[in-house]
Amino acid sequence: MPATFTPSYSAPHTLWPFSLGRYRRVALGVLLLLTTVGIMAWLGQWAAARERHYLTDTITRSLEIHTLALRSAAANFNYLPYTAARHPDVMAALSAPQDRALRERANRYLEDVNRRAGSVALYVMDIHGITQASSNWTAPQGQSFVGQDYANRPYFRDAARGQAGLFYGIGQTTGDSGLFMAAPVYQGAQLRGVVAVKVSLHAIESTWANVRDPILLADARGIFFMGSVPEWLYHATRTLSPDEVATLDADQQYGHQHDFPLVPWTAQRSPAQDAYRLQVALDGRTRRFLAMDATLPELGWTLTVMADEAPIAEALGLTWALGILAAGLIVVVGLYWRLHERRQAEQRTQALQRQHDKQLQHSARLASLGEMASTLAHELNQPLAALSNFASAAQAFAQQGQQALLIEILGDIQGQAQRSGEIVRRIRGLAQQQTQGIEPCALNAIIDNILLLLQAEVRTHGARVVCELSADLPLVPGDRVLLGQVILNLVMNSLQAMQDTPEEARVVEIATRQAGAHVIVSVADRGLGISPDVASHLFEPFFTTKPDGLGLGMNICRSIIESHRGQLSFEHRPEGGTVFVIQLICAP
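Residues numbered from 1 in each chain as written. Predicted model: local features only at pLDDT ≥ 70, side-chain atom pairs only at ≥ 80, totals over all residues. Heavy atoms only, no water.

J.: Before we go on, may I ask you to explain the overall build of the protein chain in this structure?
T.: Within the protein chain, the secondary structure is distributed over 16 helices and 18 strands. For the protein chain, the share of sequence-separated contacts (at least 6 apart) that also reach a separation of at least 24 residues comes to 61%. For the protein chain, the exposed surface amounts to about 31,500 Å²; the carbon and sulfur share of it is 56%. (Helix = DSSP H or I, 4+ residues; strand = E, 2+ residues; numbered from the N terminus. Contact = heavy atoms within 4.5 Å. Areas by Shrake-Rupley, 256 points an atom, 1.4 Å probe, with all protein chains shown as cover.)

Next comes the structure, spelled out in structure tokens:
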């Protein structure tokens, strides 16, 4: 060691430790440089993978939102052909097509229904595909559907075979694109014609035009017929066969479009991943995108959403730039950058999640109200009918000069009006999109309000509700609209679970109690219970046992309760049925 050297040592002995120290410093520098390069390479790959994961998550949420919008656009109008096909004016016009008065009556009916529904056109064809009546019957010649022949259209052929017709294409008469849905018209067992509705998707397409990255919608043949990149429209993902092109020409699906070239991109797919990479010729330059597909089997469509990969390259380049400019502080800068990126990604993800959750919760409330539409209409019709009867009685009492009875009947009118207003107020409270937020809530009052709204629905199911609500139940912090949505969903599920239960045993039992610092709400039914196969997936999104269900109700209920720092669970009842248990914290 240098501390042991003395002046009597020769020069060669004094040079050896110096050379050894310099060698060590050089080796340490090289090792530090290699370590820095390795760390920077690792950080660069980490940043790219992180950004790729974020882009994939963003695309997934975008797919969910856009597929929901497309399904809603079709679902909002698919009832129209079936409803119009059963109307007497439509059947009369098809039974006597030469009767001008009957045809005009059908035209006016279709015009009124179309105007109220907000569809593009609603029209009736005979068994030969000739339009006999249409909502646009007053349009100029060449624009009205009346007299037009649509026998070549697939939606007509499907409906004429007794099936539901569904078809997207360019209008033969107007040249405007739209979604066509059709239903057969039967008089007894005899087919009389077909009713079709045309729905515009321009609102969705206009929204797509404002997005930053491409969104495309393809038909079953892989032809993109709608999207945010006009130059890719009527391009296909594969080469079409001559028979397919001939079918498109015969159906006139895309008007006079006969050539469907391949889309100008190259796809790189990995079997283990849903996302894939695209190298695209766009705006005169080559760009790279991350893309994902979502199929809509009920519509025969495939939705493709893309995200530019430039942020991935930018993240990688930024990491190397920071390392080169601040090599001595690479660890500190890398950790700070990593924390900053994580927080921003989490904030963006949380913001998107909150927005998505609010939309799903609102959609679920509207879906619940939609299931109760007929019973709510009946419930509202009763006070309205009573108002009419009371008004007639009041008029008679006024003419007879019976003031006492008149005052009494006016009080009854006021009571029925308040009852009608209360029903509308409860419906409007559930239908509102923006809720009031977190506030102290009385769960017993929320349950009472929901049960008042469900009175007609309970009667329709031939059931009854038994409540055992704790009188001194403490308040809980929560959103009263969202908590009411959970109670509504659980009671509706209980009613539907007892469809096969004898009517005298159809009882929904609701109880509330305090358990320490928590409030417990239980909703029990006497149905068949939940099978083990269903129980393991009950709270998963898009899992449903209902033929027409979306599979979001229970998932949304659990999300709402967990956002209130509570728990939602279920138990099997020994005597049969299921009990759902909500646990919420008490207000301070």
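J.: What exactly am I supposed to notice about the sheet that holds strand β1 (residues 121-126) here?
T.: Pairing between the strands of a sheet comes from backbone hydrogen bonds, and it takes one of two forms, parallel or antiparallel. Within the open sheet, the five strands sit side by side as β2-β1-β5-β4-β3. Their pairing is antiparallel. If you trace the sheet from one side to the other, it starts and ends with β2 (131-134) and β3 (165-170), each paired once. Strand-to-strand, the axes of this sheet are offset by a mean angle of 25°, without reference to chain direction. When strand β4 (residues 177-187) meets strand β5 (residues 190-199), the two strands line up antiparallel, connected through nine bridges. From the neighbouring strand, F180 faces β5, where its bridge partner is K198. Lying on the sheet, helix α4 (residues 100-117) is in contact with β1 and β2; it crosses β2 at an angle near 50°. (Pairing = 2+ DSSP bridges. Axes fitted to C-alpha atoms, helices over the stretch in contact; angles between N-to-C directions.)

J.: Is there a simple way to think about the pairing of β5 in this case?
T.: Here is the key point about a regular strand: its side chains alternate between the two faces of the sheet. For β5, a buried count of seven out of 10 residues is recorded, marking the element as mostly surrounded by other parts of the structure. As paired elements, β1 and β5 share six bridges and run antiparallel to each other. Within β5, the residue paired with V124 across the bridge is V195. Hairpin connection from β4 to β5: two residues lie between these consecutive antiparallel strands, with G188 at a positive phi of about 70°. (Buried < 20%, exposed > 50% of the residue type's maximum accessible area, 1.4 Å probe, protein only.)

J.: So what exactly am I meant to see when it comes to the nonpolar core here?
T.: Counting 53 residues, the largest nonpolar core has L70, M226, W301 and L303 as the members making the most contacts within it. Top contributing element to this core by residue count: helix α1 (residues 11-75), with six residues. Apart from residues lying up to four places away in sequence, W301 is in contact with L70, Y168, L179, L201, L217, A218, D219, F225, A294, T295 and L296. In this structure, L443, L568, L584 and C586 belong to the second largest nonpolar core, which totals 40 residues. (Core = buried A, V, L, I, M, F, W, Y, C linked by side-chain atoms within 4.5 Å.)

J.: Looking at this model, I keep getting lost on the packing of helix α12 (residues 443-453) against helix α14 (residues 480-497). Mind explaining?
T.: Helix-helix packing: each pair is described by the crossing angle between the helix axes and the interaxial distance. Where α12 contacts α14, the two axes come as close as 9 Å, and the packing angle between them is 55°. It follows that α12 is oblique to α14 by the angle criterion. Of the two elements, α12 crosses α14, and the hand of that crossing is right-handed. Residues L443, I446, I447 and I450 of α12 form the contact with α14, whose own contacting residues are R480, L483, G484, I487 and L488. Here the contact of α12 with α14 is built from residues that sort into seven nonpolar, one polar and one charged. (Parallel < 35°, antiparallel > 145°, perpendicular 65-115°, else oblique. Left-handed = near helix turned anticlockwise from the far one by under 90°. Nonpolar A, V, L, I, M, F, W, Y, C, P; charged D, E, K, R; others polar.)

J.: What exactly am I supposed to notice about the confidence of the model for the protein chain here?
T.: As a general rule, the predicted coordinates of low-pLDDT regions are not to be interpreted in detail. Residue-level pLDDT values for the protein chain average 81, and 75% of them are 70 or greater. Contacts from residues 1-18, a stretch scored under 50 in pLDDT, to residues over four places away or in other chains number two contacts. (pLDDT = per-residue confidence, 0-100.)

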